[in-house]
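Secondary and tertiary structure notes
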Amino acid sequence: MLGVKVPKKEGEKARRKLLELGILDKSYKVKQEGEFLVFPVKAPIEGFEIVEADFEKAEKKPHSYREVVKVPEEVRSLLPSSFDIIGDIAIIELPEELVQYGKQIGEAILKVHKHIKAVFAKGSKISGEFRVRELIHLAGEKRTETLHKENGIKLKLDVARVYFSPRLATERMRVFKKAKEGEIVFDMFAGVGPYSILLAKKVRLVFACDINPWAVKYLEENKRLNKTLNVIPILGDVRKVAGQIKADRVIMNLPKFAHEFLREAMLSVKSGGIVHYYGFSHEDNLFGEHEEKIKTVARELGKRVEFLERRKVRPYAPYQYNIAIDFRVL
Ligand SMILES: C[S@@+](CC[C@H](N)C(=O)[O-])C[C@H]1O[C@@H](n2cnc3c(N)ncnc32)[C@H](O)[C@@H]1O
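For clarity, every value in this text was computed on a predicted model and none was experimentally measured.

About the criteria used
- Numbers given for residues are sequential positions, taken from 1 along each chain in its written order.
- Owing to the predicted nature of the model, reporting of local features is limited to residues with pLDDT of at least 70; listing and counting of side-chain atom pairs is limited to 80 or more, with chain, interface and lining totals taken over all residues.
- Excluding hydrogens and water, the side-chain figures rest on all heavy atoms present in the structure.
- For our purposes a nonpolar core is just a set of buried Ala, Val, Leu, Ile, Met, Phe, Trp, Tyr and Cys residues, chained together by side-chain atoms within 4.5 Å.
- Between buried and exposed lies partly exposed: a residue is buried under 20% and exposed over 50% of the maximum accessible area for its type, with that area taken using a 1.4 Å probe on protein chains only.
- Secondary structure counts use DSSP, requiring at least four H or I residues in a row for a helix and at least two E residues in a row for a strand, with both numbered from the N terminus.
- For the domains described, the bounds stem from an automatic or database domain assignment.
- By definition, a salt bridge exists where a carboxyl oxygen of Asp or Glu is found within 4 Å of a side-chain nitrogen of Lys or Arg.
- When we say a residue is near a molecule or strand, we mean one of its heavy atoms is within 4 Å of it.
- Whenever a nitrogen or oxygen atom comes within 3.5 Å of another N or O atom, the pair is scored as a polar contact, on the condition that within protein one atom can donate a hydrogen and the other can accept it, and that pairs from neighbouring residues in sequence are kept only if both atoms are in side chains.
- Methods summary: accessible areas were calculated by the Shrake-Rupley approach with a probe of 1.4 Å, and residue burial reflects only the protein chains presented.
- Only strands that DSSP links by at least two bridges are regarded as paired with each other.
- A fitted line through C-alpha atoms serves as each axis, taken over the contacting stretch for helices, and the angle formed by two N-to-C directions is quoted from 0 to 180°.

So, about the nonpolar core. Counting 34 residues, the largest nonpolar core has L157, L199, V206, V231, I251 and Y278 as the members making the most contacts within it. At the level of secondary structure, the elements contributing two or more residues to this core comprise strand 6 (89-92), strand 7 (118-122), strand 10 (153-158), helix 4 (169-178), helix 5 (194-200), strand 12 (205-210) and helix 6 (213-225). Looking at this core, the element that brings in the most residues is helix 5, giving five residues. Formed jointly, this core draws a minimum of three residues from each of two domains, domain 2 (65-143) and domain 3 (163-329).

What follows concerns the pattern of salt bridges. For the coordinates displayed, the defined rule picks out 27 salt bridges. We note a salt bridge from R143 to E141, for which the minimum N-O separation is 2.7 Å. The partly exposed category is assigned to E141, whose relative accessible area is 37%. In this structure, E221 and K156 form a salt bridge, with 2.8 Å as the shortest nitrogen-oxygen distance. One end of the pair, E221, is in helix 6; the other, K156, is in strand 10, and 65 residues separate them in sequence. Taking relative accessible area as the criterion, E221 reaches 18% and is therefore assigned buried.

For the rest of this paragraph, the subject is the site of the ligand. Taken together, 21 residues surround the ligand, and among them R172, F189, D210, V238 and N253 come closest. At a separation of 2.8 Å, an oxygen atom of the ligand approaches a polar side-chain atom of R172. Here a nitrogen atom of the ligand sits 3.1 Å away from a polar atom, N or O, in the main chain of I211. Relative to its free-state accessible area of 600 Å², the ligand is covered by the protein chains to the extent of 98%.

Glancing now at the sheet that holds strand 17 (residues 320-329). Pairing in this open sheet of seven strands is mixed, and the strands run 13-12-11-14-15-17-16 from one edge to the other. Taken across any chain shown, the strands that pair with only one partner, and hence form the sheet edges, are strand 13 (231-235) and strand 16 (305-317). Within this sheet the neighbouring strands show an average axis-to-axis angle of 15°, counted without direction. With ten bridges connecting them, strand 16 and strand 17 associate as antiparallel partners. In the strand pairing of strand 17, R311 is matched with A324.

If you want it as structure tokens, here you go:
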């Protein structure tokens, strides 16, 4: 076979060049020869020393846990193609037929994704006021606290005690980009602070409220971790503080019940301020019903609303979407 021979200290540079040219043969292992490295290549190339060499076959690394998991063939097609990763914890949704193979699935995930240390299965739907779900331990450490990084911030949280979805990272960045320096933000349903901490990097002040004591405990810890002293955590029912805060921007990330808190949101936003509203909808009527409710509450309060943007955030269930509506209150 053909090889490219380079001094060890030039190895990384050469590897990148060969990759860029598409001639590195990744099905063979790179060879060490004293102070030199020999790269297996598919064709000769000018500017490098070309040698004839024998190379060992490289082991093919599996890309997905589905390539290594041991389950009967008849259920293989039911294996989920994706799962959530929060910090070093994986959370997978298993169809009923796969529940009995949970341990094997968990172990396969740990084998393929070395940075994952614990695997859990979703044990229930998200429910209750705190918006949490039951988790079933499948493999690895029996630990539910982790450190998640997203959008350049660190978030410590306990996946069993608080709500957190890594799938909203893009949406949070979208709101961050809209926010302006000098603003006061009111995050009505803050959780452990993925919006609040991120926005605090840009705006003047963030009031971050949550009714779940565990969420507020982590929010306080995340405020310290990220040195965002301009976040004011508030533990309690947002109904009790709404109206006392006058914000330029209000975030209503409680899609299941946000419509019940529109009055509180509109009373907490300055005239001309913006509300980021979230909801769940059927694909046949994504925004209409939500917008009617928004207009009704505004009318009751003697206010007007101007709709700025509507978008699908992510699919939520068959034919259902998590949607976002941004509106200005006048
Ligand atoms: C869907 S989670 C969103 C958390 C966070 N914004 C995020 O993106 O991860 C909604 C949060 O609202 C909180 N919550 C529910 N009802 C509330 C209320 N009446 N007052 C304050 N917080 C509430 C829950 O505890 C939960 O943490």
